[in-house]
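A closer look at the structure
Residue strings, one per chain:
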Amino acid sequence: MSSSLASRALPAARGGIRLWQEAGLRGVAQRVARVAYHELDGHALEFPLEFADVADSRALDLPVPAQPVDRGRPLRVGWVTTPPGLHSGGHTTMFRMVTALEAAGHECTIFLYDRYGGDARSHEKTIRRGWPSVKARVLDVSEGIADLDGCVATSWGTAHVLATRGRVPMRRLYLVQDFEPFFYPRGAEYALAEDSYRFGFRCITVGHMVANALRETIGVSSDVVEFGCDSDVYRLSQAEPRDGVVFYTRPGAARRGFLLGVLALEQLHKRRPSVPIHLVGDPGIHVPFDAVHHGSCSPAELCRLYGRMRVGLALAFTNVTLLAEELLACGTVPVINDSPYARADVESDQVRWAAPTASGIADAILDILDAPPDPAQVARSARDQGWRPGQAAFLRAVEDEIYAS
């Protein structure tokens, strides 16, 4: 080794040893991954579309049927969606609407758009396992979006796909579960997500927050599906005593406030170290306090866990999370960061609103632990009709759009 190369290598080696001593194997691996991410332009993989699938509202001219469908026959309705993971909340809400159409006698087909080239048959196995009540055919979107009376986009990316690939005459609808431009900083993704609401699809929103944002920001009206709760799964249990707080962690979803939740729980642990803290969701996270990690859980497992907790963190910086109603149904008090967006669709008077700071959230948790309400009273404040009203509203909107157009 030359003297100049040795002079550069030695400090690097010393730095690596120091890093290993300070951060350990996980810390070293994280730094290597970060360098590789930037060197290999890993950010490009986060864009949810192939460039050829990006639509432009100013250039669209999508054909619709010349005549409405005869009300005497069932509808053929397509759904464009990304491949679901087990227990995905957004996909679960979508599949509830699929089953509502199927229960009314309509035929559904799911078109999977996998930006990363996954196998549709493998994704279908996940759907059959996670949502066994869904009878719809499952196809890769590359097989063509055709032979339909109408088709439903389920996210801003799939709205672009429907606009670029669904070119045969049909009615087009859009299940909007959140105002997705809020998922991004002001930039290209924000603009493209926002533009998806200008494609002329009939928008059906989950909750009033999204409907308000579409009307006030884009000038687009929409049908509203009210929030529900899977009351067949999430329900009050008196089996065990309650103690502690549970946090559903979603580090990759900025709108769910993972970092703020960790800071708040760290402060809670310092102020009240005897309070048990339970984490569910991402199994690979590390937090700076003692916690019980449950990893990914089924709804039934979550219900049993919530039934042993006093408090659940349900942070939401855009549309309110479904977790809030699920906690309420189990008699567990949700702590939500105070936000006009989240407040738009929360009816319960048992929710605890917290200032969106670490101390504000920790204070709210401690207030509940020091003066816990009756779990039965908390559970009575949850929505008690399940998703039936929302499913009925969705069905009416779809039938009105396709039959009456």
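The coordinates are above.
Residues numbered from 1 in each chain as written. Predicted model: local features only at pLDDT ≥ 70, side-chain atom pairs only at ≥ 80, totals over all residues. Heavy atoms only, no water.

Throughout the structure, instances matching the rule amount to 19 salt bridges. Here Asp 195 makes a salt bridge to Arg 198, at a shortest N to O gap of 3.3 Å. Relative accessible area serves as the criterion here: at 39%, Arg 198 is assigned to the partly exposed category. Between Arg 343 and Asp 338 there is a salt bridge; the shortest N-O distance is 2.6 Å. Given a relative accessible area of 36%, Asp 338 falls into the partly exposed group. Salt bridges here are not isolated pairs; linked through shared partners, they connect Arg 171, Arg 202, Asp 223, Asp 400 and Glu 401. (Salt bridge = Lys/Arg side-chain N within 4 Å of Asp/Glu carboxyl O. Buried < 20%, exposed > 50% of the residue type's maximum accessible area, 1.4 Å probe, protein only.)

The pairing of strands in a sheet happens through backbone hydrogen bonds and is either parallel or antiparallel. Read across the open sheet, the six strands follow the order 10-9-8-11-12-13; overall the sheet is parallel. A single partner strand is all that each edge strand has here, and the edge strands are strand 10 (292-295) and strand 13 (352-354). Adjacent strand axes in the sheet meet at a mean angle of 25°, parallel and antiparallel pairs treated alike. By the bridge criterion, three bridges tie strand 11 (residues 311-313) to strand 12 (residues 333-337) in an arrangement that is parallel. Considered in strand 12, the bridge of Leu 313 is made with Val 335. Across the sheet, helix 11 (residues 358-370) touches strand 8 (245-249), strand 11, strand 12 and strand 13, and the angle it forms with strand 13 is around 155°. (Pairing = 2+ DSSP bridges. Helix = DSSP H or I, 4+ residues; strand = E, 2+ residues; numbered from the N terminus. Axes fitted to C-alpha atoms, helices over the stretch in contact; angles between N-to-C directions. Contact = heavy atoms within 4.5 Å.)

Looking now at the sheet that holds strand 1 (residues 76-81). Judged by pairing direction, the sheet is parallel, and its seven strands sit side by side in the order 3-2-1-4-5-6-7 without closing on themselves. Every interior strand has two partners, whereas the edge strands, strand 3 (137-140) and strand 7 (223-225), have only one. Averaged over all pairs of adjacent strands, the angle between strand axes in this sheet comes to 25°, irrespective of strand direction. Bridging between strand 2 (residues 107-112) and strand 3 involves four bridges; their strand directions are parallel.

With respect to the secondary-structure elements, Asn 212 resides in helix 6 (residues 208-218). Distance in space between the C-alpha atoms of Asn 212 and Phe 179 is 9.6 Å, their sequence separation being 33 residues. Polar contacts involving the side chain of Asn 212 include one to the side chain of Arg 215, which spans 2.9 Å. (Polar contact = N/O pair within 3.5 Å; in protein donor to acceptor, adjacent residues only side chain to side chain.)

This part takes up the side chain of Arg 383. Among the secondary structure elements, Arg 383 is positioned in the loop between helix 12 (375-380) and helix 13 (388-403). Taking the relative accessible area as the measure of exposure, Arg 383 reaches 12% and is therefore buried. Polar contacts involving the side chain of Arg 383 include one to the main-chain carbonyl oxygen of Asp 345, which spans 2.7 Å. Beyond its immediate sequence surroundings of up to four residues, Arg 383 is in contact with Glu 226, Phe 227, Gly 228, Cys 229, Glu 325, Asp 345 and Glu 347.

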